[in-house]
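So you can see what is in the structure, the chains are spelled out below.
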Amino acid sequence: MAIPDYQRIMLPLLRFASDGKIHSIHDAYVAMTEHFGLTEEERRQLLPSGKQRIIDNRVGWARTYLFKAGLLHSPKRGYFQITEAGQALLKTNPQALTKDDLLRYEGFKEFLDSPSRPKPKAKATAAELPKTPEESLELIVEELKKGLAQELLERIKECTPDFFEQLVVDLLVKMGYGGSRKEAGEVLRRSRDGGIDGIIKQDKLGLDTIYVQAKRWENSVGRPEIQRFVGALQGVKARRGVFITTSNFTQDAEDYANSIETRVILIDGQQLASLMIEYDLGVATVDTYAVKRIDSDYFAED
């Protein structure tokens, strides 16, 4: 049989995890190749880049979508386990599981909408709308970026306070703030809760300053934390502030930040990962695909 797409893999993968045990992603690769009865040749087939097996890539995406829907969770890097929501779904005896089926779960809808805020969806699904080849390619690139951002965020949460401090400094410098890396590293200091805070230059000349706080948290950041942050801004005579967290902000916190005169930028974990991708921090280019078109100037005969 042909190698199944990731949507066909999702339900068998969820059933594989139904024993409640913690499984490695390698266990999933083996189980799915056996479940679908793939031949040795099919198991060895690689992506066009030649860097990963097709079946491994599709199992990985099936796991990511189930994870974002809250049907699986990751107790540690490279491993997964079924959740209560996943067990509840299996009790309904579904005959298939698709991307559209996962839209009933808020976590999955937010994943598709990130890093922007969730937007109302039209009745027609994305799969039903006609797309040009260019549009399809862009959607694929965005999907790859979302998966990479999720991996980045997991790695950030695992890193030590020392490395987190280095990461924030490196990102701010790459974005053009703080002067040199040495200068930024000297003014930003470790806070008691494992984050960092301090005042950095907005530009290389130091014509204006920005107060920065970065928190490696799991829980949502609420309005009280942002109010304390704004108070600290006034205490150090800074007119602008950036609050970075590896988690997210409550709606109350965002509304408060938008309602005050002091300019405060809130960067949650998803946006932090997206900025790292945009500024090539902690990521590497694996492949580059060139999209070409006709050179009209070459064919101009006048």
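Parameters and conventions
- Residues numbered from 1 in each chain as written.
- Predicted model: local features only at pLDDT ≥ 70, side-chain atom pairs only at ≥ 80, totals over all residues.
- Heavy atoms only, no water.
- Salt bridge = Lys/Arg side-chain N within 4 Å of Asp/Glu carboxyl O.
- Buried < 20%, exposed > 50% of the residue type's maximum accessible area, 1.4 Å probe, protein only.
- Helix = DSSP H or I, 4+ residues; strand = E, 2+ residues; numbered from the N terminus.
- Axes fitted to C-alpha atoms, helices over the stretch in contact; angles between N-to-C directions.
- Contact = heavy atoms within 4.5 Å.
- Nonpolar A, V, L, I, M, F, W, Y, C, P; charged D, E, K, R; others polar.

### Considering the pattern of salt bridges
All told, the structure shown has eight salt bridges when counted by the stated rule. With a shortest N-O distance of 2.9 Å, aspartate 56 and arginine 53 are connected by a salt bridge. Note on aspartate 56: relative accessible area 11%, which makes it buried. Classification of arginine 53 as partly exposed rests on a relative accessible area of 28%. Where glutamate 143 meets lysine 99, a salt bridge forms, and the shortest distance between an N and an O atom there is 3.3 Å. Of the two residues, glutamate 143 sits in helix H7 (residues 133–158) while lysine 99 sits in the loop between helix H5 (84–91) and helix H6 (106–113), which places them 44 residues apart along the sequence. The exposure class assigned to glutamate 143 is partly exposed, which follows from its relative accessible area of 23%.

### With respect to the packing of helix H4 (residues 54–68) against H6
The contact between H4 and H6 brings their axes to 7 Å, and the two run at 115°. Contacts from Thr64, Tyr65 and Lys68 of H4 reach H6 at Gly107, Phe108 and Phe111. Class assignment of the residues belonging to the contact of H4 with H6 gives a composition of three nonpolar, two polar and one charged.

Spatial relationships are all this shows, so hold off on functional conclusions.
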